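Each chain, letter by letter, is given below.
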Amino acid sequence: MDSADRPNGPQSEYATDRRSHLLNGSTVEHYLRSMTQCIERLASRFADVDRPFSGISAPQLDAAISGIDLQRPVADTAAALDELGHIYLRDAVYFHHPRYLGHLNCPVVIPAVLGEAFLSSINSSLDTWDQSAGGTLIERRLIQWTAAHLDLGDAADGVFTSGGTQSNLQALLIARDETCAGLARTVLTSRKSELLPRLRILTSEVSHFSIATSAALLGLGREAVISVPTDQDKRLRTDDLVREVDRCRQDGLVPMAVVATAGTTDFGSIDPLHQIADICAQEGIWMHVDAAYGCGLLVSRRRDLLDGIGRADSVTVDFHKSFFQPVSSSAVLVRDRSMLAHVTYHANYLNPAGGSDTHAPNQVDKSLQTTRRFDALKLWLTLRIMGPDMVGALFDDVVDLAAATWRLMADDPRFEVVTQPQLSTLVFRYVPPDGSHPDLVDEVNLYVRQALLSSGEAVVAATTVDGAHYLKFTLLNPQTSLDDIADVLGLIAGHAEEFLSDTDDRGKTRVEAS
Ligand SMILES: *Cc1c(COP(=O)(O)O)cnc(C)c1O
C-alpha cells in the first residue's frame with residue numbers, strides 16, 4: 001500500500017523519511033518550520049487565554065486523551081499540533097493569568113524560555129565535562145553567583161537539581177553522612193545500621209513535607225523528624241528548638257540537622273535565621289535553610305529578610321519559584337565544598353577515580369543525578385538579558401501586592417487572614433459576616449475552592465490550619481492587580497453566599513416536609 005493511501009497514515013514529505021526528524025545540519029529547514037509553527041500556535045493561544053483554567057473535569061479530558069491511538073501517527077507536524085491544541089493547550093492551567101492564585105507556580109520570563117529552547121536543542125548533559133563543556137562552566141558560574149548572594153563564603157559550592165525536593169534530600173544526605181562520620185570518631189561503632197536510628201532532624205511544624213520524605217529515603221524513618229512549634233507568625237520558636245535539642249541529648253539521640261525555612265510554602269514565613277544559626281553553632285548541628293520559595297529575596301530590595309542565611313551549612317533555592325524560571329530549575333549549595341564528597345562515586349566509564357581526567361570539572365561528582373539537564377542556561381540568559389535587579393523587582397511587586405491584599409482583607413468582615421504576609425501568600429477563609437452558620441465554615445470554604453476551579457474564573461489553593469479548612473492565595477504573578485484580587489474576593493463571597501442560602505433552602509424544605 002502506498003503511504004498516501006493508508007488511512008490516517010504518514011503522508012507528509014517528512015513523515016516517510018525517518019532521518020528527517022533528527023535535528024542536524026541537513027534538517028535545519030524542518031527545524032525552523034517546526035519551531036515557528038510551534039511558537040505561532042503558542043503565541044495565538046496566549047493571546048486568547050481569558051481565564052486561568054477551562055474548568056474541564058479529569059474524566060472529560062481523559063476520554064479525549066485515551067481515545068488517541070499511539071500506534072498511528074498523524075499526518076504531519078501541523079496535525080499533531082492541532083491535536084495537542086485540543087487535548088492540552090485548550091484546557092491547560094495558565095499560571096500567567098492574573099487570576100491564577102493557586103500554588104507556587106510562576107509566570108515565566110521570555111529569556112528563560114529561550115534558554116529552554118537552546119538547552120533541549122543542543123541537549124548537553126551536565127554530568128561530565130566531556131558531555132557539556134561550556135555548559136558545566138556556565139552552571140559553575142551561576143552557583144558561585146548564587147553562593148555570593150547567599151553570603152556563603154569563598155569555600156561554597158553546589159549544583160543544580162530538579163527541584164527543592166531533590167535539593168533538600170541532597171542537603172540532608174550530606175548532613176546525615178557528615179554527622180555519622182563525626183559520630184564514628186566518638187562512639188564505639190561506625191556501623192550505620194546502629195547510628196541511623198538515633199539521628200533526628202528538627203524543623204518547624206510548617207516546614208515542607210519533603211523534609212519528612214527525605215528522612216524516610218535516607219533510612220531514618222519519618223519519625224526521625226521532630227516537629228518544632230511555631231509562633232503566631234508561623235516562625236519556628238527557638239525556645240522550643242533548644243528544648244527539643246536538650247531532650248534529644250537526654251534520650252541518647254543525635255540531632256543531625258536543623259532545617260530552617262526561609263519562606264514556608266503556606267505562610268511565606270521566614271524562620272529566625274540568626275538565632276537558629278547561633279543554636280546550631282553552639283550545639284554543633286548542621287544547619288540547612290530551605291529557601292525554595294524565599295530565594296527571590298536574594299535579588300530584591302528586601303534582601304535583609306534573609307539576613308543570617310549565609311551562616312547555613314547548606315541552602316536550597318528554587319529558581320522555578322521566585323526567579324520566574326520554567327520548571328525545572330533549582331540548586332543546593334553548601335558552605336564547605338568538601339562536603340559534596342559525600343555524594344561522589346566513581347564509575348570507570350564516566351568519571352574514573354585517578355583517571356586521566358581526574359581534574360576535569362565533572363559535575364556528576366556533586367550530584368545525585370547522572371544525566372542532567374542544562375537548566376542553568378535559563379537563569380543565565382535571564383541574568384544576561386534582564387539582570388538580577390529586574391528579576392528581584394518582579395518578586396518585590398508580588399510581595400507588595402500581598403501586603404496590599406492583606407490590608408484589603410483586614411478591613412473586610414467576610415474574611416479572616418491567618419498571618420500578615422512576609423512574602424506573597426495569604427491563608428484565609430470566608431466567614432459569614434453576620435456570624436451565622438459557624439458550623440458550616442469548613443464546608444463553605446471547601447465548596448468555594450471547588451466552585452472556582454470548575455468555573456475556571458480563578459484558581460486558588462486550599463490548606464488546613466489547626467485542622468480547619470482555609471483558602472490560600474499564592475501571589476507570584478506581577479501582572480495580578482489589586483483589582484483582580486478584589487474581583488476574586490467577590491467571586492469567593494458570591495459562591496459562599498450561594499452555598500449558604502442553598503443550605504438554608506434545603507433546611508427549610510426539610511422542615512416543611514416533616
Ligand atoms: C516548593 C517547596 C519545596 C519543594 O520544591 P519542588 O521544587 O517543588 O520540589 C521545598 N520547600 C519549600 C519551602 C517549598 O515551598
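Predicted model only: the values in this text are computed from it and were never measured. (Residues numbered from 1 in each chain as written. Predicted model: local features only at pLDDT ≥ 70, side-chain atom pairs only at ≥ 80, totals over all residues. Heavy atoms only, no water.)

## Considering the pattern of salt bridges
Thinking step 1. A full pass over the atoms with the stated rule returns 27 salt bridges.
Thinking step 2. A salt bridge links Glu139 to Arg372; the nearest nitrogen and oxygen atoms lie 2.9 Å apart. Placement of Glu139 in helix α5 (residues 134–150) and of Arg372 in the loop between β8 (330–334) and α12 (376–385) is noted, with a sequence separation of 233 residues between them. Here the two residues Glu139 and Arg372 agree in accessibility, since each one is buried.
Thinking step 3. Counted as one network, the salt bridges with shared partners bring together Glu116, Arg373, Asp375 and Lys378. (Salt bridge = Lys/Arg side-chain N within 4 Å of Asp/Glu carboxyl O. Helix = DSSP H or I, 4+ residues; strand = E, 2+ residues; numbered from the N terminus. Buried < 20%, exposed > 50% of the residue type's maximum accessible area, 1.4 Å probe, protein only.)

## Overview of the pairing of strand β5 (residues 254–261)
Thinking step 1. The buried count for β5 comes to eight of eight residues, which makes it a mostly enclosed element.
Thinking step 2. By the bridge criterion, five bridges tie strand β3 (residues 199–204) to β5 in an arrangement that is parallel. Across the sheet, the residue bridging to Ile201 is Ala257, located in β5.
Thinking step 3. Pairing of β5 with strand β6 (residues 286–291), which is carried by five bridges, proceeds in the parallel orientation. Bridge pairing in β6 links Ala257 to Trp286.
Thinking step 4. Tracing the backbone out of β5, into helix α10 (residues 273–283) and back to the parallel element β6 gives a crossover that is right-handed. (Pairing = 2+ DSSP bridges. Right-handed = clockwise from strand over helix to strand, strands pointing away.)

## Quick notes on the packing of aromatic side chains
In this description, a pair of aromatic rings is defined by centroid distance and the angle of the planes.
Thinking step 1. Inspection of the entire model under this criterion finds nine aromatic pairs.
Thinking step 2. Each ring, one from Phe415 and one from Phe428, has its centre 5.9 Å from the other, and the planes form 80°; the classification is edge-to-face. In this pair, Phe415 is assigned in strand β9 (residues 415–417) and Phe428 in strand β10 (residues 425–430), connecting sequence segments 13 residues apart.
Thinking step 3. Residue Phe415 is classed as buried on the basis of its relative accessible area of 6%.
Thinking step 4. The class of Phe428 is buried, set by a relative accessible area of 0%. (Phe/Tyr/Trp six-rings, centres within 6.5 Å; stacked < 30°, edge-to-face > 60°.)

## Here's the deal with the sheet that holds strand β2 (residues 157–161)
Thinking step 1. A sheet is described by the order of its strands in space; here seven strands give the open sequence β2-β8-β7-β6-β5-β3-β4, paired in mixed fashion. The sheet is open, and its two edges are formed by β2 and β4 (225–228), each paired on a single side. Going across the sheet, the axis of each strand differs from the next one's by a mean of 20°, ignoring polarity.
Thinking step 2. Most of the contacts of helix α6 (residues 164–186) go to β5, to which it runs at about 150°, and overall it touches β2, β3, β5, β6, β7 (314–318) and β8. (Axes fitted to C-alpha atoms, helices over the stretch in contact; angles between N-to-C directions. Contact = heavy atoms within 4.5 Å.)

## A closer look at the site of the ligand
Thinking step 1. Neighbouring the ligand are 15 residues, the closest being Thr165, Asp290, Asp318, His320 and Lys321.
Thinking step 2. At 2.9 Å from an oxygen atom of the ligand is found a side-chain nitrogen or oxygen belonging to Thr265.
Thinking step 3. Protein contact buries 85% of the 380 Å² of open area that the ligand shows by itself.
Thinking step 4. For the shell around the ligand, the secondary structure elements donating two or more residues are α6 and α11 (319–322).
Thinking step 5. Grouping the constituent residues of the shell around the ligand by class yields two nonpolar, ten polar and three charged. (Near = heavy atom within 4 Å. Polar contact = N/O pair within 3.5 Å; in protein donor to acceptor, adjacent residues only side chain to side chain. Areas by Shrake-Rupley, 256 points an atom, 1.4 Å probe, with all protein chains shown as cover. Nonpolar A, V, L, I, M, F, W, Y, C, P; charged D, E, K, R; others polar.)

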